[in-house]
Amino acid sequence: MRNFGYTVARTPEDAVRIAAGTRNSTFVSGGTDLLNLMRDGAQAHDHLVDINRLDLAGIAVDRQALRIGALARMRHVAEHPLVRRESPVLSEALLASASPQVRNMAAIGGNLLQRTRCGYFRDAGSACNKRVPGSGCPAITGYNRGHAILGGSDHCIATHPSDLAVALTALDATVHLLGPDGARAVPIADFYLLPGSTPEREVALRPGELITRVDVPRTSLAAQSRYLKLRDRATFEFAVVSVAAALQMTGRTVRDARLAFGGIGTRPWRDTRAEAVLRGRPLTETTIAEAGRVLVRDAKPHNDNRFKVELVQRALARVLSELGGVR
Amino acid sequence: MTGLVGRGVARVDGRAKVTGAARYAADNEVTGVLHGHLVLSTVARGEITEIDTSAALAQPGVVAVYTHRDMPRLTLPSFPFLKGFLPLQDARIHHNGQPVAYVVAETLEQAQEAANHVRVRYRAERPTAHLADALGEAFLPRPFRDRPNEFTRGDAAAALKAAEVRIEQDYTSPTMHHNPIEPHTSTAVWNGNSLTLYESAQGIIFTRGVVAKAFEGFGVRLEDVRIISPYLGGGFGAKGPTWPHTLINAAAARAIGRPVKVVLTRAQMFTMNGHRAEYRRSLRIGATRQGVLTAIVDTSTGQLTRTEESIFNTSDSTLNLYACPNVHVRQMGIRLDLPSSSYMRSPETTAHFGLETAMDELAHELGIDPVELRIRNLPATGNTGNHLQECYRMAAKAFGWARRDPRPRSMRDGNEYVGWGVATETHTYSVFPSSAGLTVGVDGRATLRAATQEIGTGTYTVITQVVADGLGMPIEHVTTLLGDTTYPPASLSAASATMASVIGPASHAAQSARDAVIALAVADPRSPLHGVPAQDVVAERGYLFPRGDRGRRDTYHGVMSRHGRPVEVTGSKQNTGGRSHGAVFVEVRFDPRLAALRVSRVVAAYDPGRVLNHRTAHGQVIGGVTWGIGFALMEHTVVDRNTARVVNPNLSTYLVPVCADTPSVESFFVDRPAEDSTALGARGFGETPGTGVPAAISNAIFHATGRRLRDVPFTQDKLL
Ligand SMILES: Cc1cc2nc3c(=O)[nH]c(=O)nc-3n(C[C@H](O)[C@H](O)[C@H](O)COP(=O)(O)OP(=O)(O)OC[C@H]3O[C@@H](n4cnc5c(N)ncnc54)[C@H](O)[C@@H]3O)c2cc1C
């Protein structure tokens, strides 16, 4: 691990100013991802700006939205009564993430910006286009069980690992940012980028920009939401496949639906076409299966992850039938 | 004997461990110590063409950087040094993650940082990383430690051909790593030609031999080397052999003239200290319609390297467990560009998984209950016989096996299928020459010393218990000291050998010391026991009295304080190795729509001879079963096919079971002394629990789903 400088920021403006003015710097909140990456040599910074003292840990609600401060810890958000009542999918996604120890440390902003678990990315001794642009992608011809079947390119097929981001994607959250040029808000659908030929660019953050909070619109849809996560061991493990779903029914008919997926896409994967299949139609095994088929229509599986095509459809079917009371 | 032996005495070192008072090897603060960090190769095969250490040497705090060009030349030791070469002695690269430089600095952080500045260029060749890519190159390796790799009994080929029923299947298992929670570490302190190592070693006597051999060119003799290893945070076999980092670190400390400490990182532990080799196994079993085995042909193919051909995952259970007249075992290997494999927790599991799955396939084919099939094939004589049958009876009853509907997919609970599977648990145990020194001090308290070690299994506790029992002393009056080569030589803590090797000498020492103290008492005019025939005196809870006359008593403390000098004895006793057995029953639950599987119940019974401590024995069962679940469902080192580099060298992607994957485990013991064991009737047992679990899970999955899985780990994709 390289030596680095360290400053504790007192205000968000302060943090942004220091970060923008210091070469090769980055923010640190819980450090649960950043420090591992730095130790493994997958990421190197000359300077860390500690943002834990910023007054951004609150969780508040008003008429429009649930407003979650970027420094709220995963645990606090997961346990918050308002979150549990109004957006259970958020709470479930967080509780299915990492371990209690990690959730005590890790903050929401850091969670959204955690890096992929692709083993080649995290090993400084391997090639990786995301880490060293142009060096190649060993995952495409190598081991790719954990990798994406949707949204990949010839340069990168790594999945985004955050469960929370999947849930926020289903709920149309907005990410609020503060940068050297002021504040702005980015819908989560535009926040995560496809790898294309620039897999090193993962998010629509500009240099020095700080996540200040995440807003989740208050809808009756969000209140009817669930997160299902399938993984290789019972806890403390990332998703092989996950589904965040919100469903609003009128009788047996789907009034509205939101579907987002983890483990299958190079970014938290929203599929509005699959949602459209369900909207206005009765929720039956047939319509559910059709939504699943639409979801994987463009899937491009690799050697070790073909099973995800089938598994994600089964996971979707399970969540929807439970949410909609099918059988 | 005062009934201490067998009791579930709590860990005597428990408090020290949970309060942090126990000093593990890396906890020792040696004054003036430097810190070393290894630079590992990023190619798997080829040669170093250029190595530039100037930038690293210019980093703050750096004392030295060694490469193959300037590393002191050492002698290549033989077993238990398992590698066929010593790194940092020449430019050749034999595997990815091989040491190419060693950076020594004032602090660990400085050494790690400087390591980033070592520039290495290679002439790289394309490696072969998977068995599947070299199947045509399988060969029968030379005997390893005098054991040939081919065994024949009867005429298996002919018997197979003539068999009424045949099962012919292939089974595979991937590379796995030991992953003890404590990383490997070594601190070398030289004083002239004597060397002290604070070492995470499962066998300090073994390590001493390897280290002395490596430095023999410097005039270092065996007695110049001292290894200290009082506690280990697990080893699982990884710390039994001695690995290059220990030798490299000691050589650097010698050259620099200051103590140096090395602690491997987790990632380095995926190429520096052995692993369970990748395996493919082809099993051909023949039987009569009544389920009597007539032939077994077991051909295994394991990963070897280009520098050694050692087979660690032997097919002992194929050869020894069942009474089959015609057996042909071949343990083949394929050379790949990978590090040397080694012994890893219950090495025979690799082979046994195939055998016990095939037995279930045979049972299904014949329509015979799998428990009954096994019992029909147990040998009539030897220690396999009756007690294993009793294990089957005990565990089957507790599990409720009689209620099993043998048809696959026949048992349901709500939306889940329930599957019940069974397998024999069995492993070889070894015995190593051992002795123990016992001192009874003038305070009447006893201290036992033996150069074996505690790897977390309860060695301190059980030895203390046995010694207190033998002396007739309260357990609090006995202290056991382990993990120092200045103590009497004793067993490796591996190969299930510790108890079988050390308990005989410890109890012999206790009895000799007790007799010596009694002799002092009866000869001492100031003792109430003066003149009593020594053979009539008994010892209990620290008191000495004539049998049946507790009123006329002396104490250890009384006798020893009057005597004024400690009593010192040495105990030794030979024992022989063997096998110990058990039966394990597993219940799985399978959600067919999500293809999600979990293990919901495990019940097992064992015949470890006499149980010396029920609590530590049960602990061993929990540990073994948990690793068995890991072997079956998740453990898997991913080696990239193109680069031969490990892709998941950390505990967040090398999965081992967490508590939520592990149901409560019920264990039973036959608990009858083994007549052939001098360890108070205890057999070696450590590696037996868990050996049958992967097969039992596979068999339970078949019962739940109708699907037979033969390739571990059984991940969700294989169950869809
Ligand atoms: C063993 C293990 C298992 C895990 N399992 C899961 C899992 O199952 N599911 C899951 O979703 N996650 C999992 N995680 C990941 C975990 O959720 C993340 O490590 C954590 O959320 C990161 O938060 P942090 O505050 O520690 O971020 P840090 O490590 O401090 O930072 C991460 C990144 O975010 C940046 N950053 C932090 N805050 C801000 C901000 N406000 N504005 C701009 N940039 C910011 C940092 O610069 C850094 O680049 C696991 C982690 C571990 C170690």
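Remember, predicted model here, so these are calculated numbers, not experimental data.

**Student:** Looking at this structure, I do not really get the overall build of chain B. What am I missing?
**Tutor:** Each helix and strand in chain B was counted, giving 16 helices and 27 strands. Over its C-alpha atoms chain B spans a radius of gyration of 27 Å, differing by no more than 12% from the 27 Å that the globule rule assigns to 720 residues. With respect to the principal axes defined by its C-alpha atoms, chain B has extents near 80 × 70 × 50 Å. The proportion of buried residues among the 720 residues of chain B is 63%.

**Student:** Whenever I open this one, unusual backbone geometry confuses me. Can you help?
**Tutor:** Keep in mind that most residues, glycine aside, have a negative phi and that most peptide bonds are trans. A cis amide bond links F79(B) to the next residue, P80(B), at an omega of 5°. Tracing the backbone through its elements, the reader meets P80(B) in the loop between strand 3 (62-67) and strand 4 (92-93). Cis peptide bonds are those with omega within 30 degrees of zero, and the linkage from V712(B) to P713(B) qualifies with -5°. Here P713(B) is to be found in the loop between helix 15 (693-705) and helix 16 (716-719). The phi angle at D172(A) is positive, at roughly 55°, despite the residue not being glycine. Among the residues examined, D172(A) registers a relative accessible area of 34% and is labelled partly exposed. Even without being glycine, F236(B) reaches a positive phi, approximately 55°. Following the sequence through the fold, F236(B) ends up in the loop between strand 11 (225-228) and helix 6 (244-256).

**Student:** Any chance you could explain the domain arrangement of chain B here in plain terms?
**Tutor:** In many reports, interface size means the accessible area that the parts give up when they come together. Residues and elements named next belong to chain B. You can read the domains of chain B as domain 1 (32-126 + 181-234 + 239-272), domain 2 (346-430 + 577-719) and domain 3 (434-571). Listed by partner, the interface residues are 17 residues for domain 1 and 17 residues for domain 3. Buried surface at the junction of domain 1 and domain 3, summed over both partners, amounts to about 1300 Å²; 57% is from carbon and sulfur atoms. For domain 1, the biggest contributors to the area lost against domain 3 are Q202, I204 and I205; these three give 39% of the whole. The interface formed by domain 1 and domain 3 includes one salt bridge. Put simply, domain 1 and domain 3 have eight residue pairs in polar contact (both at pLDDT 80 or more) between them. Those elements giving two or more residues to the side of domain 1 that touches domain 3 turn out to be helix 5 (204-214) and strand 11. Tallied by class, the residues present in the side of domain 1 that touches domain 3 amount to 10 nonpolar, five polar and two charged.

**Student:** Just to check I follow, could you spell out the pairing of strand 9 (residues 185-191) of chain B for this structure?
**Tutor:** Consecutive side chains along a regular strand alternate between the two faces of the sheet. All names here are of chain B. Of all seven residues in strand 9, five are buried, a share of seventy percent or more. Pairing of strand 9 with strand 12 (residues 260-263), which is carried by four bridges, proceeds in the antiparallel orientation. When the bridges of strand 12 are listed, T187 appears paired with K261.

**Student:** I tried to follow the pairing of strand 22 (residues 543-546) of chain B on my own but got confused; where do I start?
**Tutor:** Residue and element names in this part refer to chain B. Two strands pair when backbone bridges link them, and strand 21 (residues 537-540) and strand 22 are joined in this way by four bridges, in the antiparallel orientation. Bridge pairing in strand 22 places V538 opposite F545. Between the end of strand 21 and the start of strand 22, which pair antiparallel, lie two residues, with R541 showing a positive phi angle near 50°. Pairing between strand 22 and strand 23 (residues 554-555): two bridges, direction antiparallel. If you follow L544 over to strand 23, its bridge partner there is D554.

**Student:** Help me understand the confidence of the model for chain B, please; the structure alone is not making it clear to me.
**Tutor:** Interpretation of the predicted coordinates at a detailed level should be avoided for regions scoring low in pLDDT. On average, residues of chain B carry a pLDDT of 97, and 99% of them reach 70 or more. Of the two predicted TM-score estimates for the complex, the pTM is 0.97 and the ipTM is 0.96.

**Student:** How should the domain arrangement of chain A be read in this particular structure?
**Tutor:** Looking at the assigned domains, one finds that chain A contains domain 1 (5-52) and domain 2 (220-324). Distance between the C-alpha centres of domain 1 of chain A and domain 2 of chain A: 36 Å.

**Student:** Explain the packing of aromatic side chains to me, please; I cannot follow it from the model alone.
**Tutor:** Aromatic rings considered in pairs are described by the distance between their centres and by the relative angle of their planes. Residue and element names in this part refer to chain B. As enumerated under the stated definition, the model contains 23 aromatic pairs over all chains in all. Centre to centre, the rings of Y171 and F353 are 6.1 Å apart; their planes meet at 85°, and the pair counts as edge-to-face. Here the residue Y171 occupies a position in strand 8 (residues 165-173), and F353 occupies one in helix 8 (residues 349-366), the gap between them amounting to 182 residues. Each member of the pair, Y171 as well as F353, is classed as buried. Seen from their ring centres, W190 and F215 are 5.3 Å apart, and the 70° between their planes marks the pair as edge-to-face.

**Student:** Looking at this model, I keep getting lost on the state of the cysteines. Mind explaining?
**Tutor:** Among covalent bonds in proteins, the disulfide is the one between the sulfur atoms of two cysteines. This model, assessed by the stated rule, comprises zero disulfides over all chains. C137(A) provides the cysteine sulfur closest to C156(A), a residue in no disulfide bond, and the two sulfurs are 5.9 Å apart.

**Student:** Teacher, can you tell me more about the site of the ligand here?
**Tutor:** All names here are of chain A. Close to the ligand lie 33 residues, the nearest being F27, S29, G31, T32 and D163. The side chain of T26 places a nitrogen or oxygen atom 2.9 Å from an oxygen atom of the ligand. A distance of 3.0 Å separates an oxygen atom of the ligand from a polar backbone atom of A98. Bound to the protein, the ligand loses 95% of the 970 Å² it would expose on its own. The set of elements that each furnish at least two residues to the shell around the ligand consists of strand 2 (25-28), helix 2 (34-39), helix 7 (108-112) and strand 8 (210-217). When its residues are assigned to classes, the shell around the ligand shows 16 nonpolar, 12 polar and five charged. Shared between two domains, the shell around the ligand takes at least three residues from each, and those domains are domain 1 (5-52) and domain 2 (220-324).

The rules behind the values
- Residues numbered from 1 in each chain as written.
- Chains lettered and ligands numbered in written order.
- Predicted model: local features only at pLDDT ≥ 70, side-chain atom pairs only at ≥ 80, totals over all residues.
- Heavy atoms only, no water.
- Helix = DSSP H or I, 4+ residues; strand = E, 2+ residues; numbered from the N terminus.
- Rg over C-alpha atoms; globule rule 2.2 N^0.38 Å.
- Buried < 20%, exposed > 50% of the residue type's maximum accessible area, 1.4 Å probe, protein only.
- Domains from an automatic or database assignment.
- Contact = heavy atoms within 4.5 Å.
- Buried area = accessible area lost by both parts, 1.4 Å probe.
- Salt bridge = Lys/Arg side-chain N within 4 Å of Asp/Glu carboxyl O.
- Polar contact = N/O pair within 3.5 Å; in protein donor to acceptor, adjacent residues only side chain to side chain.
- Nonpolar A, V, L, I, M, F, W, Y, C, P; charged D, E, K, R; others polar.
- Pairing = 2+ DSSP bridges.
- pLDDT = per-residue confidence, 0-100.
- Phe/Tyr/Trp six-rings, centres within 6.5 Å; stacked < 30°, edge-to-face > 60°.
- Disulfide = S-S within 2.5 Å.
- Near = heavy atom within 4 Å.
- Areas by Shrake-Rupley, 256 points an atom, 1.4 Å probe, with all protein chains shown as cover.

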